[in-house]
Amino acid sequence: MKVPWNIHSVTLSATKHFAIDYMRPWSWDFNDLREAIARAYKITKEGKEKYEIYVQKRGYKKIIAAYYDTEKQLLCITGSQGGKRT
């Protein structure tokens with residue numbers, strides 16, 4: 001899917017929930033998050049601003065994010081891990 005953002009120039013941020021419950025156990029920083037999103041194998045649009053981003057970095061993970069075009073910001077809301085590549 002063609003996404004409306006350029007991952008290398010967009011402002012990347014995360015909710016406190018995503019940072020504590022997912023990024024910390026995965027041992028990820030924002031560079032790892034940006035790299036994983038850049039190499040995503042599947043991205044689906046689930047609403048006006050919400051996207052599901054499927055990545056494979058140290059296992060299979062799904063990141064739910066919202067992209068705000070006016071601010072050029074990608075906000076990672078929550079995630080999940082495990083499963084298989086679909």
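Residues numbered from 1 in each chain as written. Predicted model: local features only at pLDDT ≥ 70, side-chain atom pairs only at ≥ 80, totals over all residues. Heavy atoms only, no water.

A. Region of the structure containing the overall build of the protein chain. Assigned secondary structure in the protein chain consists of two helices and five strands. The helix and strand sequence of the protein chain, counted from the amino end, reads β-α-α-β-β-β-β. Computed over the C-alpha atoms, the radius of gyration of the protein chain is 12 Å, within 12% of the 12 Å expected from 2.2 N^0.38 for a compact globule of 86 residues. Across its three principal axes, the protein chain shows a C-alpha extent of roughly 30 × 25 × 20 Å. Of all 86 residues assigned to the protein chain, the portion counted as buried reaches 37%. Of the roughly 5,300 Å² of accessible surface on the protein chain, a fraction of 48% belongs to carbon and sulfur atoms. Between the centroid of the 16 positive side chains of the protein chain and the centroid of its 9 negative side chains there is a distance of 5 Å. (Helix = DSSP H or I, 4+ residues; strand = E, 2+ residues; numbered from the N terminus. Rg over C-alpha atoms; globule rule 2.2 N^0.38 Å. Buried < 20%, exposed > 50% of the residue type's maximum accessible area, 1.4 Å probe, protein only. Areas by Shrake-Rupley, 256 points an atom, 1.4 Å probe, with all protein chains shown as cover. Lys, Arg positive; Asp, Glu negative; His and termini not counted. Charge placed at Lys NZ, Arg CZ, Asp CG, Glu CD.)

B. Inspection of the side chain of Glu-52 at higher detail. Note on placement: Glu-52 falls in strand β3 (residues 50–56). For Glu-52, a relative accessible area of 15% translates into the label buried. One polar contact links Glu-52 to Tyr-54, side chain to side chain, over a distance of 2.8 Å. Leave out the neighbours within four places in its chain, and Glu-52 touches Lys-42, Ile-43, Thr-44, Glu-46, Lys-62, Ile-63 and Ile-64. (Polar contact = N/O pair within 3.5 Å; in protein donor to acceptor, adjacent residues only side chain to side chain. Contact = heavy atoms within 4.5 Å.)

C. Layout of the pairing of strand β5 (residues 73–81). Bridge count for strand β1 (residues 11–14) against β5 is four bridges, and the pairing is parallel. Its bridge partner being in β5, Leu-12 is matched across the sheet by Leu-74. As paired elements, strand β4 (residues 60–68) and β5 share eight bridges and run antiparallel to each other. Each residue of the ladder has a partner; that of Ala-65, found in β5, is Cys-76. (Pairing = 2+ DSSP bridges.)

No statement about biological role is implied by the geometric values presented.
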